[in-house]
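Coordinate analysis (summary)
The residues making up each chain are set out below.
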Amino acid sequence: MLLLTRKVLPVFILISGLLLTHATSANEKVVLQLKWLHQFQFAGYYAAKEKGYYAEAGFDVTIEQRDPLITPTEAVLSNKADFGVMGSSIILDRMKGLPLVALGAVFQHSPLVLITLESSKLLGPYELKGKKVMYSKGNDDATFFAMFHQLGIKESDFTHIRQSFDSDSLIRGEADAISAYLTNQPFYFKEKGINIQVINPLNYGIDFYDDILFTSEQTVRKNPQRVRQFVEASMKGWRYALKNKSEVFSWLATKYPSNKSIDHLRFEAEQTENMILPDIVDIGHISRGRFQRIADIYKQQGLVAKNASYDGVIFTDYLEKNKALPLWAKVLFVIAIASLLLVLTLFALNRRLKKMVAIRAKELSQAETHLARYIDIVDRYVISSQTDLNGIIIDASKAFCEVSGYSKKELIGQPHSIVRHPDTSNATYQELWGTITKGKPWGGELKNIAKDGSCYWLDAKIDPIKNEAGDICGYISIRQNITDKKQIEKLSITDSLTGLNNRLRLDEVLVNEFKRMSRYSLQLSLIICDIDFFKEVNDNYGHLIGDEVLVSIAKILRLHCRDVDVVGRWGGEEFLIICRETNIDGAMIVAEKLRALIEDHIFPQVGHKTASFGVTLVMPKETVEEALKRADQALYRAKESGRNKVVCQ
Ligand SMILES: Nc1nc2c(ncn2[C@@H]2O[C@H](COP(=O)(O)OP(=O)(O)OP(=O)(O)O)[C@@H](O)[C@H]2O)c(=O)[nH]1
């Protein structure tokens with residue numbers, strides 16, 4: 001029940017609303033302006049009012065007779081009337097720019113003709129040459145001009161008499177031909193027993209509409225459906241009137257007083273029906289072709305510009321443009337169109353997105369391929385590894401595996417020290433860890449040991465890896481294999497016979513150590529060692545044996561000096577030992593130890609050999625040459641004092 005109430009109630013409200021709207025608009029007052037005085041010519045409009053057709057359509061219509069001071073066109077355009085009845089001049093006015101709309105052409109032919117007295121023998125237009133012709137020069141009389149024009153008769157061929165609307169002018173001979181309405185004047189002459197002759201433009205190809213129901217474009221545009229309802233009610237009135245002529249006569253006797261007799265009205269009704277042709281066309285029918293023909297005739301008459309247009313004069317055009325749809329249908333239509341547009345837009349968008357996704361996917365795939373290629377290249381050629389905070393290897397490149405001789409599996413999980421060479425000092429590693437644990441990158445050369453025991457040199461760059469919080473979570477190292485460079489470097493600073501630092505390297509170290517000494521106020525001592533009577537070895541055993549002695553002594557010196565000391569071949573059978581951060585006493589001890597070791601050593605074939613040592617402490621601000629000279633002098637004194645001695649100076 002509740003559901004029923006819910007469904008029915010809105011419908012009831014809607015219907016009530018519609019009825020209310022209808023009731024309100026039933027009183028809409030409109031004025032219909034006739035083109036002439038009350039007569040049967042307007043029977044349809046009387047019938048529409050009297051039979052309640054206008055009321056049914058919601059109109060309260062006042063039917064106004066013609067006011068001689070104002071045309072129906074002027075009345076409608078000045079809003080004195082809402083609708084009007086006028087001839088084909090509506091088309092001409094429209095072409096002149098007046099916003100008029102023809103609603104229905106009630107008279108399919110114009111009843112406007114010329115009449116002559118039968119006795120005058122003026123049967124056609126040609127006979128009117130030189131005669132007196134009376135007609136209005138209004139636009140509705142254009143049919144006469146058109147007829148004359150069609151037949152090549154000029155206005156100057158006859159005498160125009162000003163319209164007096166007095167039919168007796170013809171009888172009195174004041175005019176030889178007068179304009180007349182077929183629905184009217186012929187009866188007048190018949191009643192008087194005077195035979196007349198009709199010259200009808202229709203017979204000369206000039207066929208105009210007449211009694212066109214019209215309104216203003218403004219009224220049409222405001223509510224074309226209301227106008228349509230008015231037209232339908234009017235034409236319904238016409239259909240009734242033509243079938244019930246007597247009833248119309250009674251109204252013309254009472255409500256719409258006409259001074260015509262019943263016989264006259266009957267004649268008029270008959271003639272009117274002939275003009276309307278209700279059995280042939282729908283009452284009020286407008287033919288576009290005929291409108292065009294009428295427009296062309298007006299143009300030919302020079303009444304309007306050749307390019308003038310009557311667009312907008314036919315009412316049905318507005319109806320087609322404004323085909324009334326119920327509000328719900330309009331809303332549905334808008335929703336449907338909007339939905340369609342939305343679907344089409346989404347479809348187009350979707351297609352575009354798909355296309356873009358496909359392009360992006362292709363680009364991404366290409367980028368991934370490139371990236372994979374680069375990663376592979378990096379993996380193969382860049383020696384890199386990654387460790388956790390404790391230095392445990394968590395990743396290693398192929399290049400790293402190759403240089404270290406370990407497989408990736410063997411490296412991962414191992415401490416990075418697995419590749420550390422014992423030659424690399426603790427100090428180097430302390431510096432390295434001290435730097436990277438502070439979040440700073442470290443760079444330097446590292447000597448590493450491979451799985452097979454061979455060594456290789458790397459130029460390493462180690463960077464801490466930070467997580468999103470900025471905390472260090474591991475380390476990554478990228479290295480360059482500099483083993484070859486190191487070997488070349490070593491060759492250039494190594495004495496090829498003994499493997500000790502050569503003179504070039506010693507010179508370099510001397511310069512650096514002298515600078516370091518003065519910068520940090522360190523102590524530095526120099527020891528020069530010279531083999532005693534070495535010439536004898538060469539002389540007695542040959543150079544090769546001599547070389548072997550040199551190599552053996554070099555080995556003794558290198559093995560028994562401290563790591564920090566730099567041992568090198570100074571030249572021939574002379575060696576130089578640079579004792580860093582060592583005072584003279586320390587240097588003397590080292591020299592003495594070396595002297596004793598050489599003395600005790602037994603050289604193959606040669607047996608025992610000795611060496612003399614000159615020792616000196618480098619003085620502050622002293623040059624390398626000055627210090628070496630003093631060491632040399634000490635050596636000289638050691639030789640002088642019997643050799644196999646350590647002398648300091
Ligand atoms: N086999 C060999 N001999 C060298 C080399 N360089 C220098 N000598 C020799 O070392 C000898 C040096 O001789 P001297 O300068 O006379 O000195 P010495 O014989 O050692 O005598 P004192 O120095 O005075 O004790 C020369 O015979 C050089 O030819 C080398 O590379 N190999």
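Residues numbered from 1 in each chain as written. Predicted model: local features only at pLDDT ≥ 70, side-chain atom pairs only at ≥ 80, totals over all residues. Heavy atoms only, no water.

- In the nomenclature of an unreviewed UniProt entry, the protein chain is known as diguanylate cyclase of Colwellia ponticola.
- As its UniProt record puts it under Catalytic activity (unreviewed entry), the protein chain is described as follows: "2 GTP = 3',3'-c-di-GMP + 2 diphosphate".
- The UniProt entry for the protein chain carries the following text under Cofactor (unreviewed entry): "Mg(2+)". (UniProt positions renumbered as here; feature names shortened; annotations may be inferred.)

1. Some points on the overall build of the protein chain
- From N to C terminus, the protein chain includes 24 helices and 22 strands.
- Across the 649 residues in the protein chain, those meeting the buried criterion constitute 44%.
- Intrachain contacts of the protein chain at a sequence separation of at least 6 include 69% that bridge at least 24 residues.
- Accessible area for the protein chain stands at about 35000 Å²; split by element, carbon and sulfur atoms hold 56% of it. (Helix = DSSP H or I, 4+ residues; strand = E, 2+ residues; numbered from the N terminus. Buried < 20%, exposed > 50% of the residue type's maximum accessible area, 1.4 Å probe, protein only. Contact = heavy atoms within 4.5 Å. Areas by Shrake-Rupley, 256 points an atom, 1.4 Å probe, with all protein chains shown as cover.)

2. Observations concerning the environment of Ser89
- Along the chain, Ser89 falls in helix H5 (residues 89-95).
- C-alpha of Ser89 to C-alpha of Ala142: the two residues are 53 residues apart in sequence and 8.5 Å apart in space.

3. Notes on the pairing of strand S1 (residues 28-33)
- Strand direction decides the pairing type here: S1 and strand S2 (residues 59-64), joined by six bridges, are parallel. Residue Leu32 lies in a different strand from S2, and its bridge partner there is Ile63.
- Both S1 and strand S3 (residues 83-86) contribute to a ladder of two bridges, which runs parallel. Paired with Leu32 across the strands is Phe83, a residue of S3. (Pairing = 2+ DSSP bridges.)

4. Remarks on the site of the ligand
- Around the ligand, the structure places 16 residues, and the nearest of them are Phe533, Phe534, Asn538, Asp547 and Arg569.
- Taking Asp530, its side chain carries an N or O atom lying 3.3 Å from an oxygen atom of the ligand.
- One nitrogen or oxygen atom from the side chain of Glu573 is found 3.4 Å from an oxygen atom belonging to the ligand.
- Burial of the ligand by the surrounding chains reaches 68%, relative to a free accessible area of 650 Å².
- Elements supplying a minimum of two residues to the shell around the ligand: strand S16 (524-531), helix H21 (534-541) and helix H22 (543-560). (Near = heavy atom within 4 Å. Polar contact = N/O pair within 3.5 Å; in protein donor to acceptor, adjacent residues only side chain to side chain.)

5. Overview of the packing of aromatic side chains
- Counted under the stated rule, the structure contains 18 aromatic pairs.
- Ring geometry for Phe291 against Tyr310: centres 6.5 Å apart, planes inclined by 70°, an arrangement best described as edge-to-face. Of the two residues, Phe291 sits in helix H13 (residues 288-300) while Tyr310 sits in the loop between H13 and helix H14 (315-321), which places them 19 residues apart along the sequence.
- By relative accessible area, which is 15% here, Tyr310 ends up buried.
- Through successive ring pairs, a cluster of aromatic residues spans Tyr135, Phe144, Phe145, Phe148 and Phe158. (Phe/Tyr/Trp six-rings, centres within 6.5 Å; stacked < 30°, edge-to-face > 60°.)

6. Comments concerning a nonpolar patch on the surface
- A surface patch of nonpolar side chains, amounting to about 580 Å² of accessible area, comprises Phe333, Val334, Ile337, Leu340, Leu341 and Leu344.
- The topology assignment puts Val334 in helix H15 (residues 327-381). (Patch = residues over 30% accessible without salt bridge, like charges linked within 9 Å, V, L, I, M, F, W, Y side chains within 5 Å. Salt bridge = Lys/Arg side-chain N within 4 Å of Asp/Glu carboxyl O.)

7. Regarding the sheet that holds strand S4 (residues 100-107)
- Taken together, five strands build an open sheet; the order of strands is S2-S1-S3-S10-S4 and the sheet is mixed. On the outer flanks of this sheet lie S2 and S4, each paired with one strand and no other. Within the sheet, the average angular offset between the axes of one strand and its neighbour, ignoring direction, is 25°.
- Docked against the sheet, helix H2 (residues 43-50) engages S1, S2, S3, S4 and strand S10 (210-216), running at close to 145° with respect to S2. (Axes fitted to C-alpha atoms, helices over the stretch in contact; angles between N-to-C directions.)

8. What to know about the nonpolar core
- With 57 residues, the main nonpolar core has Leu32, Tyr45, Tyr46, Tyr54, Leu103, Leu213 and Trp238 as its most contacted residues.
- In terms of residue count, the dominant contributor to this core is helix H10 (residues 224-243) (nine residues).
- Each residue touching Leu103, except ones within four places of it in the same chain, is listed here: Phe83, Leu213, Phe214, Thr215, Val220, Val227, Val231, Ile286 and Phe315.
- Counting 46 residues, the second-largest nonpolar core is a separate cluster that includes Ile70, Ile90, Leu92 and Phe208. (Core = buried A, V, L, I, M, F, W, Y, C linked by side-chain atoms within 4.5 Å.)

9. Things to note about the UniProt feature "transmembrane region" (unreviewed entry) in the protein chain
- Taking the UniProt record as the reference, the feature "transmembrane region" (unreviewed entry) is found at residues 327-349.
- Counting secondary structure, residues 327-349 comes out at 100% helix and 0% strand; the distance between its end C-alpha atoms is 32 Å.

10. A word on the packing of H10 against helix H11 (residues 245-254)
- Running from N to C, H10 and H11 cross one another at 100°; their axes reach a closest spacing of 5 Å. As judged from the angle between their axes, H10 and H11 are roughly perpendicular. Contact with H10, carried on its side by Tyr240, Ala241, Leu242 and Lys243, involves Lys245, Glu247, Val248 and Trp251 of H11 and no other residues of that element.
- Class assignment of the residues belonging to the contact of H10 with H11 gives a composition of five nonpolar, no polar and three charged. (Parallel < 35°, antiparallel > 145°, perpendicular 65-115°, else oblique. Nonpolar A, V, L, I, M, F, W, Y, C, P; charged D, E, K, R; others polar.)

11. Digging into the environment of Lys515
- With respect to the secondary-structure elements, Lys515 resides in helix H20 (residues 503-520).
- The spatial distance from the C-alpha of Lys515 to the C-alpha of Lys621 is 9.4 Å, given a sequence separation of 106 residues.

12. Focus on the sheet that holds strand S14 (residues 455-466)
- Here five strands make up an open sheet; going across it, the order is S12-S11-S15-S14-S13 and the pairing antiparallel. Every interior strand has two partners, whereas the edge strands, strand S12 (393-396) and strand S13 (442-449), have only one. Strand-to-strand, the axes of this sheet are offset by a mean angle of 30°, without reference to chain direction.
- Bridge count for S13 against S14 is eight bridges, and the pairing is antiparallel. In the sheet register, Gly443 faces S14, and the bridge partner there is Lys461.
- The strands that helix H18 (residues 426-436) touches are S13, S14 and strand S15 (472-481); relative to S13, the one it contacts most, it runs at about 140°.
- Seen against the sheet, helix H19 (residues 483-493) touches S13, S14 and S15 and runs at an angle of roughly 130° to S14.

13. Let's talk about unusual backbone geometry
- The residue Phe533 is not glycine, and still its phi comes out positive at about 45°.
- Examined against the element boundaries, Phe533 turns out to sit in the loop between S16 and H21.
- Residue class for Phe533 comes out partly exposed when judged on its relative accessible area of 44%.
- Located in the positive-phi region is Asn644, a residue other than glycine, with phi close to 50°.
- As for its placement among the helices and strands, Asn644 is situated in the loop between helix H24 (624-640) and strand S22 (646-648).

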